[in-house]
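This is what each chain is made of:
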Amino acid sequence: MCYNNPTFHIDKKITKRRKFYEKSFDSCPLCGSRHEPCGLRKQPDRINLRWSGATVTSDAVRKAVAQALGEEIEETTAAETEAETAAPAENVAIEGGLQIGQAYTAAHGDSCFTEAVAVVQGDVIVAAYLDEFQFFPSDAEVVGVPNSDQDFGADYAEGYVLGSKRENADYYSELMASHAGSTVRIDDNYDAIQNFAVGKTIDQIETVAGGENAVDAVSGATLADTAGYLDAIAQAARSAQENQAVEYTGDSSSLELKVAYGAAHGTKCFTSAAALTDGETIILSYIDEFQFMDAGDGVTGVPNSDAGFGENVAEGRVLASKRVNTDYYSANMAKSGSTVAIDANYDAIQNHINGMTIADAAALGAEENPVDAISGATLADTAGYINAVVAAAQE
């Protein structure tokens with residue numbers, strides 16, 4: 001049941017294309033989830049509308065779809081719907097150690113999962129980044145994550161592709177505008193929330209996120225689940241506090257946090273690489289990878305693997321972060337003779353390129369065996385990880 005994505009459903013059954021499902025279900029035209037058709041039914045804070053001869057106003061449909069997409073729709077006239085301009089990020093003076101961290105959460109319902117990256121100075125957030133991953137119809141104009149057309153994509157439900165909402169901001173924002181009346185793009189919403197977080201302590205962000213109407217506090221944001229995104233940033237910030245710090249003197253206005261997705265290691269996974277730069281130098285970096293693994297055996301799937309998101313994954317499989325599952329993945333590496341855990345390898349690469357100019361890091365990534373230059377790294381595809389961070393830095 002699509003409790004996360006309440007919307008209207010055309011009263012027409014289609015056959016579920018996944019070979020491991022035998023029933024015929026309706027398909028949600030916005031979220032891409034397939035679920036049993038919903039009658040007029042109310043769940044807590046969720047309403048599903050089904051067209052079956054009853055008259056439903058366009059406003060009612062728009063509001064229901066807006067809720068599905070996480071949009072706030074107010075009672076205003078067309079002339080009054082111009083979005084508030086997002087406030088610029090606060091300029092934070094920095095003198096001392098900076099730390100970077102990442103978190104995966106379920107900020108918006110159960111059909112996607114959120115990736116949040118945060119940089120902190122002590123308990124103050126100086127940079128943040130948000131994105132989400134969701135399955136989309138493969139026949140839409142959607143760019144899949146790297147290796148979607150390779151082995152990685154073999155674990156998708158037939159007819160669907162995993163994509164980043166930022167990467168597909170035009171496509172997703174058009175749905176938000178046409179079906180929910182949104183005047184603010186999905187990436188602009190993320191940016192507004194990120195800007196709001198900069199300069200605030202983790203406790204302050206958690207306090208706003210715990211309030212009733214967090215979206216009202218964030219200039220330029222319209223997403224009903226703004227609180228969830230703020231909480232994701234707070235979780236990433238707390239994770240950052242556990243990681244190694246680098247010294248930096250300056251202010252946050254000269255820094256930019258960017259993320260890129262690549263295929264650093266073969267065709268069965270994709271890489272997420274973050275880079276904090278001042279335009280010339282990589283101040284901090286962070287690496288992780290996503291791979292489909294066998295469900296069970298101590299594997300922790302990404303958020304919503306047991307909900308709507310997981311319905312688009314092959315039976316018996318789960319999408320997982322290698323960092324989150326470092327013990328499991330490293331044990332498999334050890335069977336091939338590896339003596340260094342996967343997260344320790346990522347950390348070694350990050351620590352080596354932190355402080356390098358983007359140009360120097362790119363030159364290192366172009367070498368035949370850059371792993372030989374990095375103490376503590378043993379991965380044959382070290383060049384691929386370096387190049388992933390460089391790609392983020394050059395975004």
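In this report, the structure presented in the accompanying data block is examined. Being a predicted model, the structure only gives us computed values, none of them experimental. (Residues numbered from 1 in each chain as written. Predicted model: local features only at pLDDT ≥ 70, side-chain atom pairs only at ≥ 80, totals over all residues. Heavy atoms only, no water.)

## Focus: the overall build of the protein chain
Put simply, the rule reads: Think of it this way: any DSSP run of H or I at least four residues long counts as a helix, any run of E at least two long counts as a strand, and we number them from the N terminus. When a residue's accessible area, from a 1.4 Å probe over protein chains only, is under 20% of the maximum for its type it is buried; when over 50% it is exposed; and in between it is partly exposed. Using the Shrake-Rupley algorithm and a 1.4 Å probe, accessible areas are obtained, with residue cover drawn only from the displayed protein chains.
The number of helices and strands found in the protein chain is nine helices and 15 strands. Within the span of the protein chain, comprising 395 residues, buried residues form 52% of the whole. Summed over all atoms, the accessible surface of the protein chain reaches about 17,200 Å², with 45% contributed by carbon and sulfur.

## Section: the sheet that holds strand S10 (residues 160-164)
For clarity, the threshold we go by: Two strands make a pair as long as DSSP finds a minimum of two bridges between them. In this description, a line fitted to the C-alpha atoms serves as the axis of each element, helices being fitted only across the stretch in contact, and the angle between N-to-C directions of two axes falls anywhere from 0 to 180 degrees.
Pairing is antiparallel in the open sheet, where five strands are placed in the order S10-S9-S8-S7-S11. Of all the strands in the sheet, just S10 and strand S11 (246-251) have a single pairing partner and so form its edges. Recorded for the sheet is a direction-independent mean angle of 30° between the axes of neighbouring strands. As paired strands, strand S8 (residues 112-121) and strand S9 (residues 124-137) are joined by ten bridges and run antiparallel to one another. Pairing of threonine 114 across the sheet is with glutamate 132, part of S9.

## Regarding the packing of helix H4 (residues 202-209) against helix H5 (residues 226-240)
To keep it simple, the criterion reads: Any angle that falls under 35 degrees is termed roughly parallel, while one over 145 is termed roughly antiparallel, one within 65 to 115 roughly perpendicular, and all others oblique. Left-handed describes a crossing whose near helix is turned anticlockwise from the far helix through less than a right angle; right-handed describes the clockwise counterpart. Throughout, a contact is declared for two residues whenever any of their heavy atoms are within 4.5 Å. Here the nonpolar group is Ala, Val, Leu, Ile, Met, Phe, Trp, Tyr, Cys and Pro; Asp, Glu, Lys and Arg are the charged ones; every other residue, Gly included, is treated as polar.
Between H4 and H5, whose axes approach to 8 Å, the crossing angle comes to 155°. Considering their axes alone, H4 and H5 lie roughly antiparallel with respect to each other. The interaxial crossing formed by H4 with H5 has left-handed handedness. Facing H4, whose interface residues are Ile202, Asp203, Ile205, Glu206, Val208 and Ala209, H5 presents Ala227, Leu230, Asp231, Ala234, Ala237 and Arg238. In terms of residue class, the contact of H4 with H5 is made up of eight nonpolar, no polar and four charged.

## Considering helix H6 (residues 326-334)
Two residues of an α-helix separated by three or four positions point the same way, owing to the 3.6 residues in each turn. To keep things clear, this is the line we draw: The arc in question is formed by the directions pointing from the helix axis toward the C-beta atoms.
All buried positions along H6 are accounted for by Thr326, Tyr329, Ser330 and Met333. Burial along H6 is one-sided: seen end-on, the buried residues are contained in an arc of 95°. Those residues of H6 that are buried lie in contact with strand S14 (282-294) and helix H7 (342-353).

## Thoughts on helix H2 (residues 169-180)
Condition: The span you would expect from a helix comes to 1.5 Å times its residue count less one.
Over its twelve residues, H2 extends 15 Å from the first C-alpha to the last, a length consistent with the 16 Å expected when each residue adds 1.5 Å. Residues of H2 that are buried: Ala169, Tyr172, Ser173, Leu175, Met176 and Ala180. Taken end-on, H2 shows its buried residues confined to a sector of 150°, consistent with a single buried face. Seen from the buried face of H2, the exposed residues on the opposite side, beyond 90 degrees, are Asp170, Glu174 and Ser178. Positioned one or two residues after H2, glycine 181 has a phi angle of 75°, which is positive.

## Some details on the pairing of strand S13 (residues 269-277)
The buried fraction of S13 is high, at nine of nine residues. Residues Cys269, Thr271, Ala273, Ala275 and Thr277 point to one face of S13 and Phe270, Ser272, Ala274 and Leu276 to the other, with burial holding for every one of them. When strand S12 (residues 256-262) meets S13, the two strands line up antiparallel, connected through seven bridges. Along S13, the bridge assignment pairs valine 259 with alanine 274. Counted along the chain from S12 to the antiparallel partner S13, the turn is six residues long, and its residue glycine 266 has a positive phi close to 70°. In the sheet, S13 pairs with S14 via nine bridges, with the strands oriented antiparallel. Bridge pairing links alanine 273 to isoleucine 287 in S14.

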